[in-house]
Amino acid sequence: MYRFLLTPRWWGINVFVLLAIPFCVFMGSWQLGRFEDRVQDHRSAGEQAEEARTQAARPLTELLPVDKETSGKQATVTGRYGRQLLVPDRELDDRSGFYVLTMLRTDDGRALPVVRGWLPGDADTAKAPAAPAGEVTVTGALQASETPGSNGVPAAGGLPAGQTGAISSAALVNLVPYRMYDAWITLAEADSGMKAVPATAPSDTGLDLKAFQNLGYTGEWFVFAGFVVFMWFRLLRREVEFAQDAELGLTGETPADAEHTESTGSAGSAGSTESAGAPRVSSPPTA
């Protein structure tokens, strides 16, 4: 009854199934691993943020460049405040407002963007307090340059003069006449009645859309593996039913023969119709 399993057709089906199932399981496991890695990164980022609040501040130069390990660390830097900009459309405590961003010019000639605090309402230079004069030493959480359109950073352009949508060296280099650090800090204690802006987790360390995409892909790959097994059993049962019918004399065709008959039957029927409809030509009588 199961001799059909040795036919070339079923050899091909079985080889495909034996290759497809491990591949789907491997891909599903890989996607699940990616999701678990993102969960671990999210947990580690939270623990790192808690530790950073209690650790002693370190000089800025010791923490550059900013990466997942140094993001959120307390940095200290000395310089003089220069150009001031506003960063609109920033939320804090479920309220809309703006950051007050001031460039801190250091002794090496470069400027470090410093978020001195947050104020509610629309961005207005009249509301933003002036930066302290003279040499100052500031301490705050180190942050990587922002990318417009990610982590809640607006991507809209066309802002009025004196405003910037993202805190990044690429954007600020066109707005201020200084060489910029590829980083910024947010003060632990805001200036002049403003509210301090908390540090954000580094990119690709949270349970964002990418993490849940990995989880969704995990389910899809395991569903594909189950679908392959389901179709293999369905084809097997169909072949067995044909074999049983053949043993009982109910049919003499296998599923492959039936498919061949269906494909050739229409052509044979058309030929028969043409033969039936054509006039018969009889040979002339002989003398």
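What comes next is a walk through the structure.

Calculation criteria
Residues numbered from 1 in each chain as written. Predicted model: local features only at pLDDT ≥ 70, side-chain atom pairs only at ≥ 80, totals over all residues. Heavy atoms only, no water. Salt bridge = Lys/Arg side-chain N within 4 Å of Asp/Glu carboxyl O. Helix = DSSP H or I, 4+ residues; strand = E, 2+ residues; numbered from the N terminus. Buried < 20%, exposed > 50% of the residue type's maximum accessible area, 1.4 Å probe, protein only. Patch = residues over 30% accessible without salt bridge, like charges linked within 9 Å, V, L, I, M, F, W, Y side chains within 5 Å. Areas by Shrake-Rupley, 256 points an atom, 1.4 Å probe, with all protein chains shown as cover. Pairing = 2+ DSSP bridges. Contact = heavy atoms within 4.5 Å. Phe/Tyr/Trp six-rings, centres within 6.5 Å; stacked < 30°, edge-to-face > 60°.

Let us look at the pattern of salt bridges. Considering all chains together, one arrives at 6 salt bridges under this definition. Here Glu146 ties to Arg90 by a salt bridge, and the two come within 2.8 Å at their closest N and O atoms. Of this pair, Glu146 sits in the loop between strand E5 (135-143) and helix H3 (169-172) while Arg90 sits in strand E2 (residues 74-92), and the two are 56 residues apart along the sequence.

All right, on to unusual backbone geometry then. That bond from Leu64 to Pro65 is cis: its omega, -5°, falls within 30 degrees of zero. Residues other than glycine seldom take positive phi values, yet Asp89 does so here, at roughly 60°. Position of Asp89 relative to the elements: it lies in strand E2. Residue Asp89 is classed as exposed on the basis of its relative accessible area, which comes to 51%. Look at Asp93: it is not a glycine, yet its phi comes out positive at around 55°. Following the sequence through the fold, Asp93 ends up in the loop between E2 and strand E3 (95-105).

Here we take up a nonpolar patch on the surface. On the surface, Leu6, Trp11, Val15 and Leu19 cluster together to form a nonpolar patch covering roughly 460 Å² of accessible area. Taking the relative accessible area as the measure of exposure, Leu19 reaches 60% and is therefore exposed.

Here we take up the pairing of E2. Note that strand E1 (residues 58-59) and E2 share 2 bridges and pair parallel. Opposite Pro59, over in E2, you have Thr76 as the bridge partner. In this sheet, E5 lies alongside E2 in antiparallel orientation, the contact comprising 7 bridges. Across the sheet, the residue bridging to Ala75 is Gly140, located in E5. Both E2 and E3 contribute to a ladder of 9 bridges, which runs antiparallel. Within E3, the residue paired with Arg80 across the bridge is Arg105. Linking E2 back to E3 in an antiparallel pair, the connection comprises 2 residues, with Asp93 at a positive phi of about 55°.

With that settled, consider the side chain of Asn14. Mapped onto the secondary structure, Asn14 falls in helix H1 (residues 8-54). If we ignore the near neighbours within four places in the chain, the residues touching Asn14 are Leu5 and Trp232.

Now for the pairing of strand E7 (residues 184-187). Of the two faces of E7, the one carrying Trp184 and Thr186 and the one carrying Ile185 and Leu187 are both buried. In this sheet, E7 lies alongside strand E4 (residues 110-120) in parallel orientation, the contact comprising 2 bridges. Bridging across to E7, Val115 finds its partner in Thr186. Note: E5 against E7, 4 bridges, orientation antiparallel. Across the sheet, residue Gly140 finds its bridge partner in E7, namely Leu187.

This structure, assessed with the given rule, holds 5 aromatic pairs. Between the aromatic rings of Trp10 and Trp232, the centroid separation amounts to 6.4 Å while the plane-to-plane angle is 80°, which identifies the pairing as edge-to-face. Taken together, the residues Trp10 in helix H1 and Trp232 in helix H4 (residues 209-247) connect sequence positions 222 residues apart. Its relative accessible area of 1% is what places Trp10 among the buried residues.

That is the geometry; function is a separate question.
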